[in-house]
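Architecture at a glance
Listed below are the residues making up each chain.
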Amino acid sequence: MAKDKTTKKTRPPLAHASASTGTAVKPPAWPLFRPPLPVATLELDFPAPALADKIALVRHFWPRSLCRSYVGFLETLPLTLTPGRPKRGEAVRVNDRFQVLDPAFAQRLWSETGLQDVVLGEAARHLWGGEVIGLNPNIRVYRYCKGHFFDSHYDDSNLVSLKPNETSEVAGKTTWTVLLYLTDDCVGGETVFYPHGRELEKEAIAVSPEAGMLLLHKHGDDCLLHAGREVLQGVKWILRTDLVVRK
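Computed from a prediction, not measured in an experiment: that's the story for all the values here. (Residues numbered from 1 in each chain as written. Predicted model: local features only at pLDDT ≥ 70, side-chain atom pairs only at ≥ 80, totals over all residues. Heavy atoms only, no water.)

With respect to empty space enclosed by the protein
One way to see where empty space is left: roll a probe the size of a water molecule over the atoms. Stated formally: A cavity here means a set of points on a 1 Å grid, drawn over the protein atoms and nothing else, where a 1.4 Å probe fits but cannot get out; a pocket is an open set with protein on both sides within 12 Å along at least five of seven lines, and a residue lines either one if it has an atom within 4 Å of a point. Grid points are joined across faces, edges and corners, and a volume is the space filled by probe spheres set on the points. The helix and strand labels rest on DSSP assignments: H or I over at least four residues marks a helix, E over at least two residues marks a strand, and numbering proceeds from the N terminus.
Taken as a whole and judged by the stated rule, the model has 2 cavities of 30 Å³ or more. For the largest cavity, the calculated volume is near 140 Å³. As for the largest cavity, its lining consists of 16 residues, of which Tyr144, Phe150, His153, Leu179 and Thr191 are closest to the centre. Taken together, the elements giving at least two residues each to the lining of the largest cavity come down to strand E7 (138-144), strand E8 (149-153), strand E10 (170-181), strand E15 (225-228) and strand E17 (236-246).

Structural data, given as structure tokens:
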């Protein structure tokens, strides 16, 4: 994979700085959350304690049965293969994706899964960079088949507006990426972080896909250099959104 040798001050435009929000795509009829969530006590876990302010996990966020149900549904969506030639300054990635602006589904993920309680818990509030008001309505679906990968990159922070109380809009910005793994029957496909901004395996922090697990990592100016390793066998499915704080 290509090296990113830039420093934080001079690095190129970030790979997830999205010009398109999927506004032309009609939101799909997402399946219900069955069984009702959460099915287990949800807690934050930190795979690298020294980086607890940058990387966090929520295990057993979804049961495997719900993950299987969603994968079956996602397979019916019109996914498109990411172009092999990225724009200047963007990282190389090869995967299938679907993107849609869906405030209603983002609100369901936030309020009907237990995520809101975990994020707003007293022990975690200091992590998020402000008062969290919900999730980014820009919902992304990623499918990584054999040979697919996402080269080293940084995730950008974006400005969004939410209606947390279904009344007036509130200006916000995204601060943490939220990835929900739906499968783990693949070889490879780890999300790997490089805490010192250099692609050295001895420094890498690798998170393996685990069906039903959330991976949250800080993005924007404090984002860690990270990558999605190549899938060598099987298929990796991910749902993506972001935490939004009041601006």
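There is more to say after this.
Topic: the pairing of strand E5 (residues 96-101)
To keep things clear, this is the line we draw: Only protein chains enter the accessibility calculation, which uses a 1.4 Å probe. A residue is then buried if its area is under 20% of the maximum for its type, exposed if over 50%, and partly exposed in between. Between any two strands, pairing holds if DSSP finds at least two bridges.
Within E5, 5 of the 6 residues are buried, leaving the element largely enclosed by the surrounding structure. Where strand E3 (residues 80-81) meets E5, 2 bridges bridge the pair, whose relative direction is antiparallel. Within the sheet, the bridge partner assigned to Leu81 lies in E5 and is Asp96. Judged from the 6 bridges that link them, E5 and E7 form a sheet pairing that is antiparallel. Across the sheet, the residue bridging to Val100 is Ile139, located in E7.

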